Amino acid sequence: MLSGFAPIFFATAGLRMDLTALVRLEVLLAGLAVLAIAIIGKFVGAYAGARLSGLGKWEALALGAGLNARGVIEVVVAMVGLRPGILSVEAYTIVILVAIVTSLTAPPILRFAMARVEQTSEEEIRESRHRAWTTEPVGGAEPPL
């Protein structure tokens, strides 16, 4: 029942956006700058941290992409800022667009990077156990440990 509120929340957030503000060059440039800084800052930080901790380049790329997605938290913060007038409608629109763009770009980058990550023997064991567990009949034996 509560899951029905999420689409209403996002629809409400979207209705408060003003995409016509992006027609003005200064708003468009500010939006692109905020998007670039948001993506580069979080992605580079996550990638660098992953590499410094010993992860490979593809794992680091996947981590950077996964952490770059902002989604719900950014939308909530933007809505909280818009209501009392802390954010203008233009700033709100930019923040929501950053949340949308980063959330939509994460899955394809994750798929691309994870397809290139070499599986360890531990991951192969986990995957084979998962396959065995998901192919068991409903009334069948317990999944292997």
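Just so it is clear, the model here is predicted, and its values are computed rather than measured. (Residues numbered from 1 in each chain as written. Predicted model: local features only at pLDDT ≥ 70, side-chain atom pairs only at ≥ 80, totals over all residues. Heavy atoms only, no water.)

### A word on the overall build of the protein chain
Across its full length, the protein chain carries 6 helices and 0 strands. Each helix (α) and strand (β) of the protein chain, taken in turn from the N terminus, gives the series α-α-α-α-α-α. Here the C-alpha atoms of the protein chain give a radius of gyration of 20 Å, more than 25% beyond the 15 Å that 2.2 N^0.38 yields for 145 residues. C-alpha atoms of the protein chain, sized along the principal axes, occupy 60 × 45 × 20 Å. The buried share of the protein chain, taken over its 145 residues, is 23%. Within the protein chain, residue pairs in contact and separated by at least 24 positions form 69% of the contacts whose partners lie at least 6 positions apart. Of the accessible surface of the protein chain, which amounts to about 9700 Å², a share of 70% is contributed by carbon and sulfur atoms. Each charge class in the protein chain was averaged separately, 12 positive and 12 negative side chains, and the resulting centres sit 5 Å apart. (Helix = DSSP H or I, 4+ residues; strand = E, 2+ residues; numbered from the N terminus. Rg over C-alpha atoms; globule rule 2.2 N^0.38 Å. Buried < 20%, exposed > 50% of the residue type's maximum accessible area, 1.4 Å probe, protein only. Contact = heavy atoms within 4.5 Å. Areas by Shrake-Rupley, 256 points an atom, 1.4 Å probe, with all protein chains shown as cover. Lys, Arg positive; Asp, Glu negative; His and termini not counted. Charge placed at Lys NZ, Arg CZ, Asp CG, Glu CD.)

### Section: helix H5 (residues 89–114)
Look at H5: 38 Å from first C-alpha to last across 26 residues, which is about the 38 Å you get at 1.5 Å a residue. At Ala 106, H5 shows its largest kink, close to 30°, and the proline Pro 107 lies no more than four residues downstream. When H5 is considered as a whole, its buried residues turn out to be Tyr 92, Thr 93, Ile 94, Ile 96, Val 98, Ala 99, Thr 102, Ala 106 and Ala 113. Of the surrounding elements, those touching the buried residues of H5 are helix H1 (5–15), helix H2 (25–52), helix H3 (57–68) and helix H4 (72–82). (Expected span 1.5 Å × (residues − 1). Bend = angle between axes of the 7 residues up to and from the residue.)

### Side note on the nonpolar core
If you look at the biggest cluster of nonpolar residues, it comprises 9 residues: Ala 13, Met 17, Val 75, Ala 78, Met 79, Leu 82, Tyr 92, Ile 96 and Ala 99. Elements represented by at least two residues in this core include exactly H4 and H5. A total of 4 residues in this core trace back to one element, the largest contributor, which is H4. By size, the runner-up hydrophobic cluster in this structure holds 6 residues, among which are Val 27, Leu 35, Ala 38 and Val 98. (Core = buried A, V, L, I, M, F, W, Y, C linked by side-chain atoms within 4.5 Å.)

### Focus on the packing of aromatic side chains
Remark: the centre distance and the inter-plane angle together describe each pair of aromatic rings, the angle taken between the planes. Enumeration according to the criterion identifies 2 aromatic pairs in this entry. On the basis of an interplanar angle of 10° and a centroid distance of 6.5 Å, the ring pair of Phe 43 and Tyr 47 is categorised as stacked. Remark: Tyr 47 and Phe 43 occur in helix H2; sequence separation between them is 4 residues, near one turn of the helix. What makes Tyr 47 partly exposed here is its relative accessible area of 28%. In this structure, Arg 116 is placed above the aromatic ring of Trp 58, and the distance from its NZ or CZ to the ring centre is 5.7 Å. In this arrangement the basic side chain of Arg 116 is found over the ring face of Phe 112, its NZ or CZ atom lying 3.7 Å from the centre. (Phe/Tyr/Trp six-rings, centres within 6.5 Å; stacked < 30°, edge-to-face > 60°. Lys NZ or Arg CZ within 6 Å of the ring centre and 35° of its normal.)

### Side note on the environment of Glu 123
Mapped onto the secondary structure, Glu 123 falls in helix H6 (residues 121–135). For Glu 123, a relative accessible area of 29% puts it in the partly exposed group. Sequence spacing of Glu 123 and Gly 31 is 92 residues, and the spatial spacing of their C-alpha atoms is 41 Å.

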